[in-house]
Amino acid sequence: MTTPIQEQPLEAKSPFELRVNLGKGVPESDVRSALATGDMGFLHSFTTGAAVDGPGVRVVAWTAGCMWRCVYCHNPDTWTMSNGIPVTVARASDELRKYRQGLKVMSGGLTISGGEPLMQHRFVVKLFTAAKKMGVHTALDTNGYYGEKLSDDDLDVIDLVLLDIKMWDPERHRKLTGMDNGPTLDFARRLAARKRKVWLRYVLVPELTDDPADIKQVAAFVASLGNVERVDVLPFHQMGMYKWTKLGIPYTLEEKKSPTNELVEQTIGIYKSEGLVTY
Ligand code: SF4
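Computed from a predicted model, the values in this text were never measured in an experiment.

Caption draft 1: Quick look at helix α2 (residues 89-97). Within α2, burial applies to Val89, Ala92, Ser93, Glu95 and Leu96. Each buried residue of α2 sits inside an arc of 155° when the element is viewed along its axis, so together they form one side. Where α2 is buried, its residues contact β1 (40-50), β2 (58-63), β3 (85-88), α3 (100-105), β4 (109-113) and α4 (121-133).

Caption draft 2: Here's a closer look at the site of the ligand. Contacts to the ligand come from Cys66, Trp68, Arg69, Cys70, Cys73, Trp79, Gly115, Asn143 and Lys166. Residue classes in the shell around the ligand are distributed as five nonpolar, two polar and two charged.

Caption draft 3: Structural context of the side chain of asparagine 143. Within the secondary structure layout, asparagine 143 lies in the loop between β5 (137-142) and α5 (152-155). We classify asparagine 143 as buried; its relative accessible area is 5%. Reaching out from asparagine 143, the side chain makes a polar contact with the backbone nitrogen of tyrosine 145 at a distance of 3.0 Å.

Caption draft 4: View of the environment of alanine 130. Relative to the elements of secondary structure, alanine 130 occurs in helix α4. When the C-alpha atoms of alanine 130 and valine 157 are compared, they prove to be 9.4 Å apart, with 27 residues separating the residues in sequence.

Caption draft 5: Quick peek at the pattern of salt bridges. All chains considered together, the criterion is met by 19 salt bridges. The shortest N-O distance in the salt bridge between arginine 172 and aspartate 211 comes to 3.2 Å. Remark: aspartate 211 occurs in the loop between β7 (198-204) and α8 (212-225) and arginine 172 occurs in helix α6 (residues 170-177); sequence separation between them is 39 residues. According to the relative accessible area criterion, arginine 172 is partly exposed, its value standing at 32%. Bridged by salt links that share partners, the residues Asp53, Asp141, Asp164 and Arg201 form one connected network.

Caption draft 6: Quick peek at the sheet that holds β3. Strands sit in the order β3-β1-β2-β4-β5-β6-β7-β8 across an open sheet of eight strands; the sheet is mixed. Both outer strands of the open sheet, β3 and β8 (228-235), are each paired with one neighbouring strand and no more. Neighbour to neighbour, the strand axes of the sheet diverge by 30° on average, direction disregarded. Bridge count between β1 and β3: four bridges; the pairing is antiparallel. What sits directly across from phenylalanine 42, in β3, is proline 86.

Caption draft 7: Up close: the environment of alanine 34. Mapped onto the elements, alanine 34 comes out in helix α1 (residues 28-37). Judged by its relative accessible area of 4%, alanine 34 falls in the buried class. For alanine 34 and proline 170, which are 136 residues apart along the polypeptide, the C-alpha to C-alpha distance reads 33 Å.

Caption draft 8: The pairing of strand β6 (residues 160-164), seen in detail. Summarising burial for β6: five of the five residues are buried, a large majority. Along β6, one buried face is formed by Leu160, Leu162 and Asp164 and the opposite face, lined by Val161 and Leu163, is buried too. With four bridges joining them, β5 and β6 adopt parallel strand pairing. When the bridges of β6 are listed, aspartate 141 appears paired with leucine 162.

Caption draft 9: Up close: the nonpolar core. Leu110, Phe128, Leu150, Ile165, Leu200, Val222 and Tyr271 are the most contacted members of the largest nonpolar core, which has 55 residues in total. What leucine 200 contacts, discounting residues up to four positions off in sequence, is Leu163, Ile165, Val218, Val222, Val228, Arg230, Val231, Asp232 and Tyr271. Residues Met67, Met167, Met179 and Val205 belong to the second largest nonpolar core, which totals 16 residues.

Calculation notes
- Residues numbered from 1 in each chain as written.
- Predicted model: local features only at pLDDT ≥ 70, side-chain atom pairs only at ≥ 80, totals over all residues.
- Heavy atoms only, no water.
- Buried < 20%, exposed > 50% of the residue type's maximum accessible area, 1.4 Å probe, protein only.
- Helix = DSSP H or I, 4+ residues; strand = E, 2+ residues; numbered from the N terminus.
- Arc of directions from axis to C-beta.
- Contact = heavy atoms within 4.5 Å.
- Near = heavy atom within 4 Å.
- Nonpolar A, V, L, I, M, F, W, Y, C, P; charged D, E, K, R; others polar.
- Polar contact = N/O pair within 3.5 Å; in protein donor to acceptor, adjacent residues only side chain to side chain.
- Salt bridge = Lys/Arg side-chain N within 4 Å of Asp/Glu carboxyl O.
- Pairing = 2+ DSSP bridges.
- Axes fitted to C-alpha atoms, helices over the stretch in contact; angles between N-to-C directions.
- Core = buried A, V, L, I, M, F, W, Y, C linked by side-chain atoms within 4.5 Å.

The following block contains the structure:
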């Protein structure tokens, strides 16, 4: 007997578990209604114990659906919403409640990542609202493209935004991700104007995102905002490569190596030279 999709286990060992077609049986009308109300979302998985997706030890809800196509994406199975498990806000909140005490003890919280969480912004806001009611710290990991969907009140239930800025040069950004970076930069400015806490995440890929002049522009912009508490330079790795192969999506980075320690240190140095706390 097959497990009904609403009862598929949510917990994964890591976001690198390949998950496909879990929501395929959900009628299109249900998907539309879920997106409109936010009462149901589509999740790739829940993982626990993450210490790199915000402060402390965290539960991470990985959402399905992303409108970008970054050439270095580690999780292409999260691009399609129908690869996610349909989950009500109530079920996701129950899952979170199990960890509430531990998260408090370990100064952690809930991070919603993806995919791109703001593809399902109403669900995200409802889940964060439930988390805040439990006294759980909330963090949103986003490329910021749909930041304008969030009202100022919505922003108030998000304690921290982990913002990905992938590249400064607009043309190269389009080649890297398929999309413009203007909306991301606008969202960064709005978060600054509202004095919301932000951590910048910068994926470092040799010969793709390692141009010191471009990084310097990102760093200067981020430093000018005044609300970015820290920068995390994330070295590219190949842990997601097998997903591209299994999904039959052409992957262009098979030969790409992770950045050397020297390149990572040099990149961290550029951010630090703008006065930013950088790891
Ligand atoms: S924004 Fe994130 S999830 Fe979307 S394609 Fe880029 S790396 Fe992948």
